[in-house]
Structures are given as structure tokens and as C-alpha cells.
Amino acid sequence: MQIIDIHANQSPTPLPQVSDKLKELYGIECHGVDASALSAFTALNIATKLKDVPAEAIICHRRKDLVAAIDSLRLRGIKKGSVKIIYAPADEKSLDEKLTSATLKATDIIVVPTKADTLNQNFSGANIIVIEPTAPLGEETPVSVPQTGHSHLNITWLGPINEYQRLQNLVNAVHALGPDFHINVYGTGPARTTMPIVKGSHYMDGLNITWHGEEFDTDTAIADSDIAVATTRIPSQQDIRLRACSVPVLNSENQDALISELSEIQKDRSILATLKKQARTEYKTRFALSFHVEQWMKLLSSIRQ
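Before going into details, it helps to say that this report is about the structure given with it. (Residues numbered from 1 in each chain as written. Predicted model: local features only at pLDDT ≥ 70, side-chain atom pairs only at ≥ 80, totals over all residues. Heavy atoms only, no water.)

### Quick notes on the sheet that holds strand β3 (residues 57-60)
- Pairing is parallel in the open sheet, where six strands are placed in the order β2-β1-β3-β4-β5-β6. A strand with exactly one partner marks an edge of an open sheet, and here the two such strands are β2 (29-34) and β6 (128-130). With strand direction ignored, the average angle separating the axes of adjacent strands in the sheet is 25°.
- Here strand β1 (residues 2-7) runs beside β2; their pairing, made up of six bridges, is parallel. Looking at the pairing, H7 lines up with D34 of β2.
- This element, helix α12 (residues 289-302), spans β1, β3, β4 (84-87), β5 (109-112) and β6 of the sheet and lies at about 170° to β5. (Pairing = 2+ DSSP bridges. Helix = DSSP H or I, 4+ residues; strand = E, 2+ residues; numbered from the N terminus. Axes fitted to C-alpha atoms, helices over the stretch in contact; angles between N-to-C directions. Contact = heavy atoms within 4.5 Å.)

What follows is the structure in C-alpha cells.
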């Protein structure tokens, strides 16, 4: 079986490690096509690739590349359904873009990264499958880094500050709960959204927070983490790595819900031992490379039926 994956200035999906495993374990070959700035040129690139590659599916990650993939089949005179069009949005921006009814009709499968995205109104009526992201960790069983001893609980933000409201919720929650928690922020974001949080935190009495910027060692950051908060709606590479190292990642978009979760840990720190085991289990059963490859294999096998 052969498939075409349209690369668009980001890590492709399947990731290179996923592509390698699909070929090694199942004989599936993934051929990359680079996206152009103009959708018409991307369509020509795909159509040219289809001359040499008898692909059974085309995977694309942006709306403009999805349109290009559909157009490439018209250019080659390929009937709908002969080559399956799979749309796997690569980021939240792509997930939030509305598809026209014609585009939806021409798309065979939409792959979303979370169960919540199955309710996305932009994909209403489509054949939706959930395949959660993975991280190229190399080892399937990464070793947990030993933690540094401290009396307070370290809460980690690991990654860019793009969803600033999530960080603001964390700052507000820890300020409300008192000095039992210390926030470590590893990463930066746009000044217009990040600086108000930085400045505001200086005026919160009793708030313990350290801004590490972009100069930090990830292993050290993980080693000093008791808990982490999700930096995005879609599990990031950093969030997955934290789970792999048995660091619980709280994914509460609502400030009150986050306060409630942290309050429970504050009252009974023994809960952390259970949460750490759960984080590691989540990695193995939801985000590990082997599991991710298996999910893609099931999807690609289904298009042959």
C-alpha cells in the first residue's frame, strides 16, 4: 500500500517515525509532497506524484492543501473514492477553519486529535476518526527523571505561551490557593499577551512564580516538576513527554476546575502517587509511538474494505 502525505512547513502526520514503522511493520510506503504557497501549485505537485505513485490515499493537514488534494484528483481524472482523501488538521487553527459543503463531501475521512473535536461543527456530517498525537521520544519506555526534593509543589508550564488564557488561569488559581505551589514557566509568547500576565503576577501577594524564558534544559524542567498544566487544547509534544516521565498533566481550560483539581492535591499530597501512575499509563495507552502507529494502520486498512 502507498500513500501521499502533504508536508506544510511542520512535522508531517504521520511523523517520520510513524512512516518508518508503517513501512517496517506493515509495508506501507508514505511519499511526501511539499506544499506550495499557492494551492494550485500544490495540486499540480500532487497530480505529478500520482503519475508515478499508485497511491490509495492522500493525507493533508491544512484546509488549502485539502482543497489542492481534491483538485489534484480532478486534474488526473481520478474518480471520487478511487484515492481516499484524509484530512488530519495539524493544529488548532486548522481545526477551527470552516470547510465548504463541497469540500466536506469530497473528503473521505477527517482525523481529529481529541474526542472533543468530534463535536466540531466545521466537520458536521463527516466521517470522523480520533487519533491522538504522539511524540518522537525515540525510546518506547522513556525513563522517568528523579525529582528534586522541595517542600512546595512545582507546577510546570512547558512550551510556548500561545493560549495565554490558560496561563492566566494557572496564575490566578495558584494565587487563590496560596504558597503551597510554585509555578515554573518554561517558554515565551507574544509580548502583547504575555507581558500583562508577567506584570500582573508581580502585584499578586504570596504568588511564587519563576519565568525561565527560552533558555532552559528540558530534562531539568521535567525533573523539577510535580505537576504540569496543558499548554494547548491538543496534547503537545512537551505534554506527551511529561506524561511519559510520569508527570501528571492537568488539562482544565476553566479556572474554577483547575482550582478544584489543585485544591484536592493540596489537601492530600498522596494523591500525586496515583496521578503519576495514571500519567505514565496515559502515555502508554494513548500517546506511545507503537499505539499511534497501530491507530493509523487500522485507519489505512479500513479504506481498503
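### Notes on the environment of G77
- Mapping G77 onto the fold places it in the loop between α3 (63-76) and β4.
- Considering only alpha carbons, one finds G77 and A47, 30 residues apart in sequence, at a separation of 9.7 Å.

### Remarks on helix α10 (residues 255-267)
- Compared with the 18 Å implied by 1.5 Å per residue over 13 residues, the 18 Å span of α10 between its first and last C-alpha is a close match.
- Burial in α10 covers these residues: L258, L262, S263 and I265. Along α10, the residues classed as buried sweep out an arc of 160° about the axis, all on the same side. For α10, the exposed residues set more than 90 degrees away from the buried face come down to D256 and K267. (Expected span 1.5 Å × (residues − 1). Buried < 20%, exposed > 50% of the residue type's maximum accessible area, 1.4 Å probe, protein only. Arc of directions from axis to C-beta.)

### A word on the packing of aromatic side chains
- Considering all chains together, one arrives at two aromatic pairs under this definition.
- Between Y87 and F123 the ring centres are 6.3 Å apart and the planes differ by 90°, which places this aromatic pair in the edge-to-face class. Residue Y87 is found in strand β4, and its partner F123 is found in the loop between β5 and β6; the two are separated by 36 residues along the sequence. In this pair, the class of Y87 matches that of F123, namely buried. (Phe/Tyr/Trp six-rings, centres within 6.5 Å; stacked < 30°, edge-to-face > 60°.)

### Looking at the packing of helix α6 (residues 164-177) against helix α7 (residues 191-201)
- Closest axis-to-axis distance for the α6/α7 pair is 10 Å, and the angle between their directions is 10°. The angle between α6 and α7 falls in the class roughly parallel. In contact with Y164, L167, Q168 and V171 of α6, α7 contributes T193, I197 and S201. (Parallel < 35°, antiparallel > 145°, perpendicular 65-115°, else oblique.)

So far we have only geometry, and geometry alone does not tell us how the molecule works.
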